[in-house]
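Each chain, letter by letter, is given below.
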Amino acid sequence: MENTMKIKEWINEKAPWLAVLYENKYFSAGYDKLAGLPPVKQKKVVTWFLMASISITFLYLLASYISLWSISSGTEEIYSMNNMILQYQKYRRDKSEELQLLNRNSQLAGTGQLKQVLLKAAGSAGISPRMIQVEERGEAGVGGGDSKKKEVKIKESTVSLQRVNLTQVSNYLKAIEYGTYNLSVSSIKIINDEKLRGYLTVDITVMAYLFEGDEG
């Protein structure tokens, strides 16, 4: 009895919020029963009660941690999956744009079409028509030998620029590679003009892939 009174006094002094426990009628009944036990028995019961409380608290915290870890792991998986989906969508979008450009290149299949595009690009770069010469070569196939499919063709042109400055060359290359069609510069040779200081003579090889799908 004396020990239980000390416990009650300690709770009132150190943890008054726990007082609601022994004020509860069920707890009071248990407390009265505990008070009727011998001191040694009381000590064992109190020790068991404290150990049980600590164990329950530990199990609750462990379960909460496992639940939080599971939620966190699931969130990371969802984020990773969303990231993969976004990357796949970007890949499909980039491929779609690339195929559209390749399909658009079919407009260059006609004789002289690529030459006209390269001459027009020179005008947008501020290069005089007298300072450019374009030689268009025939198509060459790079596809397989399947007769049911049309092979991919390469159309190539050589561009010679005379008496142009570095800015004009830079603008011309941008007009070629970032224009309406999917063109690529396969080689470029730049030398200083022998007669006019600050001007250049430039030889450029431009390629266009003419992509066609399956035949019907």
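This text gives an overview of the structure that appears in the document. As the structure is a prediction and not an experimental result, all values here were calculated from the model.

**Considering helix 5 (residues 113-124)**
Since the α-helix packs 3.6 residues into each turn, any two residues three or four apart lie on the same face.
And then number 1: Along its 12 residues, helix 5 runs 17 Å from first to last C-alpha, staying within 8% of the 16 Å computed at 1.5 Å per residue.
And then number 2: Of the residues making up helix 5, those classed as buried are Leu114, Leu118, Ala121 and Ala122. With its buried residues spanning 105° around the axis, helix 5 presents them on a single face. For helix 5, exposure combined with an orientation more than 90 degrees from the buried face picks out Lys120, Gly123 and Ser124.
And then number 3: Of the surrounding secondary structure, the elements contacted by the buried residues of helix 5 are strand 1 (132-136), strand 3 (153-164), helix 6 (166-177), strand 4 (183-192) and strand 5 (200-210).

**As for the nonpolar core**
And then number 1: Formed by 24 residues in total, the largest nonpolar core has its most connected members in Leu118, Ile127, Val159, Leu161, Tyr172 and Leu183.
And then number 2: Within the residue set of this core, elements represented by two or more residues are helix 5, strand 1, strand 3, helix 6 and strand 5.
And then number 3: The greatest single-element share of this core, amounting to 6 residues, is contributed by strand 5.

**Here we look at the packing of helix 5 against helix 6**
And then number 1: Contact pair helix 5 / helix 6: the axes reach a minimum separation of 9 Å and the direction vectors enclose 135°. Comparing their axes, helix 6 and helix 5 come out oblique. In this structure, the crossing between helix 5 and helix 6 has a hand that is right-handed. Touching Leu118, Ala121, Ala122 and Ser124 of helix 5 are Tyr172, Ala175 and Ile176, all from helix 6.
And then number 2: Of the residues that constitute the contact of helix 5 with helix 6, the class distribution is 6 nonpolar, 1 polar and no charged.

What counts, and at which threshold
Residues numbered from 1 in each chain as written. Predicted model: local features only at pLDDT ≥ 70, side-chain atom pairs only at ≥ 80, totals over all residues. Heavy atoms only, no water. Helix = DSSP H or I, 4+ residues; strand = E, 2+ residues; numbered from the N terminus. Expected span 1.5 Å × (residues − 1). Buried < 20%, exposed > 50% of the residue type's maximum accessible area, 1.4 Å probe, protein only. Arc of directions from axis to C-beta. Contact = heavy atoms within 4.5 Å. Core = buried A, V, L, I, M, F, W, Y, C linked by side-chain atoms within 4.5 Å. Axes fitted to C-alpha atoms, helices over the stretch in contact; angles between N-to-C directions. Parallel < 35°, antiparallel > 145°, perpendicular 65-115°, else oblique. Left-handed = near helix turned anticlockwise from the far one by under 90°. Nonpolar A, V, L, I, M, F, W, Y, C, P; charged D, E, K, R; others polar.

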